[in-house]
Amino acid sequence: MALSIPFFDYPRVFTDDRDKLIRIFTDIGERGAFILQKDVSEFEHSLTVSTKSRHCVGVANATDGLELCWMEVGIQPGDEVIISSHTMLATASAIATLGGVPVPVDIGPDGLMNPDAVEDAITPRTIGLSPTQLNGRTCEMDRILSIADKHGLAIVEDSAQALGSMFDGRYAGTFGRSGVISFFPAKILGSLGDGGAILTQDSGAYARLQELHNHGLDASGTVQSWGRNSRLDNLQAAVLSFKLELLPDAISRRRQIASMYQEQLGHLEQLSLPPDPGSDPRHFDTYQNYELVAEKRDSLRAHLAQRGVGTLVQWGGKAVHQFPSLGFSVSLPAVEAYFEGCLMLPMNTFISDDDVGFICETVRGFYGE
Ligand SMILES: *Cc1c(COP(=O)(O)O)cnc(C)c1O
């Protein structure tokens, strides 16, 4: 049966703005402006403005972005980087593919990297931390920054899910040496394919990242070192510049939907919901995802699917350290318990108030209300 409220309606990334997007395709095509044209630099500039970041480098996707950031840090084989196990594999693979050792740690009560667990995981081989700003919420970066300072560690933020999210008035992706944003179509700012960006506040890192993402070439075209080809596609950059204008409204709408979920589901003791927007003045959350923890999660999910509501158990229902083929042997009780019950409800600008009402009614019905 086709779902009447899909978890994410991919065609609408295009169809909601069809005419405008076709005009963009035509313009780019007629200019032949496919690789590293003004559309990329204009978008990079707009993104620095909207995140109050000093620098930005567009890249082919956020996973590449993370790898480039660790290359820029100068990671060597055997170097350890501490990550939260509650993240996408990419946070870890970016370290592992360069010969580094991702060290997953447990989550705190907020579902994000637990600073106490980070302290315990530091060894003489630790060179960095890679906190994930998950579901549009930024970690308590004051504690993470002070741990990094104390031990001389580099921070590369996986802010793939956190464009526009803030902690203490500062944007995700701008706390560390560098931070990465993803424009995967289902992300809060989605392109029509892959795309990503690196933010950095350090002009040396910026110059090096510029080289690394484009064959090791410096601004004058001289080869400085080995590099990669991981450029943000010019066509995607033009699409993203247009969609970036819509972002503030998209974030408001997501926060509004989160409040509606809170109002209509907050009283159910079988659920543990994400924090309500505005419930903590230190955080500005953008709800890239609405991930709750539910009793009888699998039956709830089937109940919703039977009634046409799409949901998602993220990343195959596993924390990073739980994939047997990757060879981890740690046990991390908080994140393991989290994955027994976590479920994402639809959260995007395509769903209506009525959709949210129907989803909530169906969830309440499942728990016998
Ligand atoms: C989406 C995502 C990525 C990877 O982004 P891509 O642009 O698809 O490479 C990395 N980390 C997290 C937390 C993500 O959600």
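Everything discussed here concerns the structure shown above.
Predicted model, so just to flag it, every value in this text is computed and none were measured.

Considerations on the sheet that holds strand 9 (residues 196–200)
Reasoning step 1: Spatially, 1-9-8-5-4-2-3 is the arrangement adopted by the seven strands of the open sheet, whose pairing is mixed. Each end of this open sheet is capped by a strand with a single partner; those strands are strand 1 (55–59) and strand 3 (101–105). Across this sheet, the average inter-strand angle for adjacent strands is 25°, counted without regard to direction.
Reasoning step 2: Contacting strand 1 and strand 9, helix 8 (residues 203–212) crosses the sheet at an angle of about 20° to strand 1.

Considering the pairing of strand 2 (residues 80–84)
Reasoning step 1: Within strand 2, five of the five residues are buried, leaving the element largely enclosed by the surrounding structure.
Reasoning step 2: Two elements, strand 2 and strand 3, share five bridges in a ladder whose sense is parallel. Among the inter-strand pairings, Val 81 is bridged to a residue of strand 3, identified as Pro 102.
Reasoning step 3: Across four bridges, the pairing between strand 2 and strand 4 (residues 126–130) is parallel. When the sheet's bridge partners are listed, Ile 82 is paired in strand 4 with Leu 129.

Here we look at unusual backbone geometry
Reasoning step 1: The residue Asp 168 is not glycine, and still its phi comes out positive at about 50°.
Reasoning step 2: The backbone phi angle of Trp 315 is positive, close to 55°, even though this residue is not glycine.
Reasoning step 3: Mapped onto the elements of the fold, Trp 315 is located in the loop between helix 10 (297–306) and helix 11 (333–341).

Some points on the packing of aromatic side chains
Reasoning step 1: Applying the stated criterion across every chain, the model contains eight aromatic pairs.
Reasoning step 2: Judged by centre distance (4.7 Å) and plane angle (70°), the ring pair of Phe 8 and Tyr 10 falls under edge-to-face.
Reasoning step 3: Phe 8 sits in the buried class, given a relative accessible area of 14%.
Reasoning step 4: The exposure class of Tyr 10 is partly exposed, given its relative accessible area of 42%.
Reasoning step 5: Judged by centre distance (5.5 Å) and plane angle (50°), the rings of Phe 8 and Phe 350 are tilted. With Phe 8 in the segment before helix 1 (11–15) and Phe 350 in the loop between strand 13 (342–345) and helix 12 (353–366), the pair connects residues that are 342 residues apart, well separated along the chain.
Reasoning step 6: Taken together, the ring pairs connect Phe 8, Tyr 10 and Phe 350 into an aromatic cluster.

Description of the sheet that holds strand 12 (residues 290–294)
Reasoning step 1: Here we have three strands laid out as an open sheet, ordered 10-12-13, and antiparallel in their pairing. Looking at strand neighbours, the two that pair on one side only are strand 10 (271–272) and strand 13, the edges of this open sheet.
Reasoning step 2: As paired strands, strand 12 and strand 13 are joined by four bridges and run antiparallel to one another. Bridge pairing in strand 13 links Tyr 290 to Leu 345.
Reasoning step 3: With respect to the sheet, helix 10 is in contact with strand 10, strand 12 and strand 13, its orientation differing from that of strand 13 by roughly 25°.

Let's talk about the packing of helix 4 (residues 62–73) against helix 8
Reasoning step 1: Contact geometry of helix 4 with helix 8 gives a least axis separation of 10 Å together with a crossing angle of 120°. Considered as vectors, helix 4 and helix 8 are oriented oblique to each other. In this structure, the crossing between helix 4 and helix 8 has a hand that is right-handed. Across the interface between the two elements, Leu 68, Cys 69, Met 71 and Glu 72 from helix 4 touch Ala 205, Arg 208, Leu 209 and Leu 212 from helix 8.
Reasoning step 2: Here the residues of the contact of helix 4 with helix 8 are counted per class, giving six nonpolar, no polar and two charged.

Looking at a nonpolar patch on the surface
Reasoning step 1: On the surface, Phe 34, Ile 35 and Leu 36 cluster together into a nonpolar patch covering about 270 Å² of accessible area.
Reasoning step 2: Residue placement: Phe 34 occurs in the loop between helix 2 (18–31) and helix 3 (38–51).

Observations concerning the pattern of salt bridges
Reasoning step 1: Within this structure, the stated rule accounts for 18 salt bridges.
Reasoning step 2: Salt-bridge contacts for Glu 119 lead to Lys 150; the nearest nitrogen and oxygen are separated by 3.6 Å. One end of the pair, Glu 119, is in helix 6 (residues 115–121); the other, Lys 150, is in helix 7 (residues 141–151), and 31 residues separate them in sequence.
Reasoning step 3: On the basis of relative accessible area, Glu 119 is assigned to the partly exposed category, the value being 30%.
Reasoning step 4: A salt bridge links Arg 208 to Glu 211, with the shortest nitrogen-to-oxygen separation between them at 2.9 Å. Of the two residues, Arg 208 and Glu 211 both sit in helix 8, three residues apart, roughly one turn of that helix.
Reasoning step 5: You can call Arg 208 partly exposed: its relative accessible area is 28%.
Reasoning step 6: When its relative accessible area of 12% is taken as the criterion, Glu 211 is described as buried.
Reasoning step 7: Through salt bridges that share partners, Asp 27, Arg 31 and Asp 39 make up one connected network.

The rules we used
Residues numbered from 1 in each chain as written. Predicted model: local features only at pLDDT ≥ 70, side-chain atom pairs only at ≥ 80, totals over all residues. Heavy atoms only, no water. Pairing = 2+ DSSP bridges. Helix = DSSP H or I, 4+ residues; strand = E, 2+ residues; numbered from the N terminus. Axes fitted to C-alpha atoms, helices over the stretch in contact; angles between N-to-C directions. Contact = heavy atoms within 4.5 Å. Buried < 20%, exposed > 50% of the residue type's maximum accessible area, 1.4 Å probe, protein only. Phe/Tyr/Trp six-rings, centres within 6.5 Å; stacked < 30°, edge-to-face > 60°. Parallel < 35°, antiparallel > 145°, perpendicular 65-115°, else oblique. Left-handed = near helix turned anticlockwise from the far one by under 90°. Nonpolar A, V, L, I, M, F, W, Y, C, P; charged D, E, K, R; others polar. Patch = residues over 30% accessible without salt bridge, like charges linked within 9 Å, V, L, I, M, F, W, Y side chains within 5 Å. Areas by Shrake-Rupley, 256 points an atom, 1.4 Å probe, with all protein chains shown as cover. Salt bridge = Lys/Arg side-chain N within 4 Å of Asp/Glu carboxyl O.

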